[in-house]
Amino acid sequence: AHGVLLADAFDDQPRDNRGIVGMAMALSVAEGIAGYAYATHGNLDPGTTQAIAMGGDFGLLWGFNLSNLASSPDQVGTSARSATMLAGSFVGMAGGRALASQRAYSYGDGVVVRTAGYAGGLAGIAFADGASQDGSDSKAYSAGLLIGTLAGLGIGDRLVSGREFSAGDGTLVQLGTGLG
């Protein structure tokens, strides 16, 4: 995703999809190598890597929704929205790293917190949809998603506090939430 966003952040003009795919592949490989080096030399444990990844995912989502809330859809160009999403992702990864330094997450804890964030986001969207007159107000959905994910992440963090979920426990929570 970062490669596509990076390509779009610098150019609002439509272009050949092969260039976008090439940029996405190149940046994915570069991020994979950089991430491996960071994890290896930074002695990151699985819980920390899960928190960083979670921060990146939610930061990307929040970047999109904040750009939607900040202006009307016809005012924000592709490059501005992509830049906001990319920045949100990197701020989220930094926030995930900072959170991990304050918590002793296991891998399973991170999965449980992330799953709670997703469930909260879905609840926020459902609430916005129920409150909507005709379902056409994208800002209401963006606000519901932002509030829901923040609430879900907070609840998930409280849920894992004082516990240590194994990878299997986290997977079962994620599976149960997804199927429920």
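Below is a summary of the structure that appears in this document. Nothing here was measured: the structure is a model prediction, and the numbers come from that model.

Side note on the overall build of the protein chain
Within the protein chain one finds seven helices and zero strands. Along the protein chain, from the amino end to the carboxyl end, the secondary structure elements read α-α-α-α-α-α-α. Long-range pairs, those at least 24 residues apart, make up 80% of the contacts in the protein chain between residues at least 6 apart in sequence.

Quick notes on the packing of aromatic side chains
Using the criterion set out here, one finds two aromatic pairs in the structure. A centroid spacing of 5.9 Å and a plane angle of 35° characterise the contact between F58 and W62, whose relative ring orientation is tilted. Here F58 and its partner W62 are both found in helix α3 (residues 46–70), four residues apart, which amounts to about one turn of the helix. Centre to centre, the rings of F58 and Y118 are 5.2 Å apart; their planes meet at 40°, and the pair counts as tilted.

Some details on the packing of helix α5 (residues 107–131) against helix α7 (residues 167–179)
In the contact formed by α5 and α7, the axes pass within 7 Å of each other and the chain directions differ by 15°. The angle between α5 and α7 falls in the class roughly parallel. The hand of the α5/α7 crossing is left-handed. Between α5 and α7, the contacting residues are Y107, G108, V111, V112, T115 and A119 on the first element and A167, G170, T171, V173, Q174 and T177 on the second. Here the contact of α5 with α7 is built from residues that sort into six nonpolar, six polar and no charged.

As for the packing of α3 against helix α6 (residues 138–160)
Interhelical geometry of α3 versus α6 gives an angle of 150° and a closest axis separation of 9 Å. Judged by the angle between their axes, α3 and α6 are roughly antiparallel. Along this stretch, α3 crosses α6, giving a crossing that reads as left-handed. Contact residues: M54, F58, L61, W62, N65, L66, N68, L69 and A70 in α3; S138, K139, S142, A143, L145, L146, T149, L150 and L153 in α6.

A look at the environment of G88
Relative to the helices and strands, G88 resides in helix α4 (residues 78–102). C-alpha of G88 to C-alpha of G63: the two residues are 25 residues apart in sequence and 4.6 Å apart in space.

Observations concerning α6
With 23 residues, α6 extends 33 Å between its outermost C-alpha atoms, agreeing within 8% with the 33 Å of an ideal straight helix rising 1.5 Å per residue. Those residues of α6 not exposed but buried are Y141, S142, G144, L145, L146, G148, T149, G152, L153, G156, D157 and V160. Taken together, the buried residues of α6 touch α3 and α5. Positive phi appears at G162, one or two residues downstream of α6, with a value of about 80°.

Here we look at the pattern of salt bridges
Once the charged atoms of two side chains with opposite charge are near each other, the side chains can pair. By the definition in use, this model includes two salt bridges. Note that D57 and R114 form a salt bridge whose closest N and O atoms lie 2.5 Å from each other. Taken as a pair, D57 in helix α3 and R114 in helix α5 lie far apart in primary sequence, 57 residues in all. Of the charged contacts, one joins R103 and D157 as a salt bridge, the two residues approaching to 2.8 Å between their closest N and O atoms. In this pair, R103 sits in the loop between α4 and α5 while D157 sits in helix α6, placing the two residues 54 residues apart along the sequence. On the basis of relative accessibility, which here comes to 36%, the residue R103 falls in the partly exposed class.

Looking at the nonpolar core
With ten residues, the main nonpolar core is built from A51, M54, F58, A100, Y105, V112, V113, L153, V160 and F165. Of all the elements in the fold, those that place two or more residues in this core are α3, α5 and α6. Among the elements that make up this core, the one with the highest residue count is α3 (three residues). The residues contacting A100, other than those within four sequence positions of it, are T48 and A51.

Calculation notes
Per chain, the residues get numbers from 1 upward, laid out in the order the sequence is written. Confidence filtering applies because this is a predicted model: local features only for residues at pLDDT of at least 70, side-chain atom pairs given and counted only at 80 or more, and all residues used for totals across whole chains, interfaces and linings. Side-chain measures here rest on the full set of heavy atoms in the structure, leaving out hydrogens and waters. In DSSP terms, a helix is any run of H or I states spanning at least four residues, a strand is any run of E spanning at least two, and both are numbered starting from the N terminus. Contacts are assigned to residue pairs with any non-hydrogen atoms lying within 4.5 Å of each other. Any pair of Phe, Tyr and Trp rings, taking the six-membered ring for Trp, is counted once the centres come within 6.5 Å. Such a pair is stacked with planes under 30 degrees apart, edge-to-face with planes over 60 apart, and tilted for the rest. Angles shown run from 0 to 180 degrees and are taken between the N-to-C directions of axes, each axis being a line fitted to C-alpha atoms and, for helices, limited to the stretch in contact. For classification, angles of less than 35 degrees are called roughly parallel, those exceeding 145 degrees roughly antiparallel, those between 65 and 115 degrees roughly perpendicular, and all remaining angles oblique. Handedness of a crossing follows from how the near helix is turned relative to the far one, being left-handed for an anticlockwise turn of less than a right angle and right-handed for a clockwise one. Any residue outside Ala, Val, Leu, Ile, Met, Phe, Trp, Tyr, Cys, Pro, Asp, Glu, Lys and Arg is labelled polar, Gly included; the first ten of those are nonpolar and the last four are charged. To estimate how far a helix should extend, the number of its residues minus one is multiplied by 1.5 Å. For the exposure calls, accessible area comes from a 1.4 Å probe over protein chains only, and a residue counts as buried if that area is under 20% of its type's maximum, exposed if over 50%, partly exposed in between. Salt-bridge detection follows one rule: a side-chain nitrogen of Lys or Arg within 4 Å of a carboxyl oxygen of Asp or Glu. Among buried residues, those of type Ala, Val, Leu, Ile, Met, Phe, Trp, Tyr and Cys that are joined through side-chain atoms within 4.5 Å constitute a nonpolar core.

Distances and angles like these do not, on their own, reveal function.
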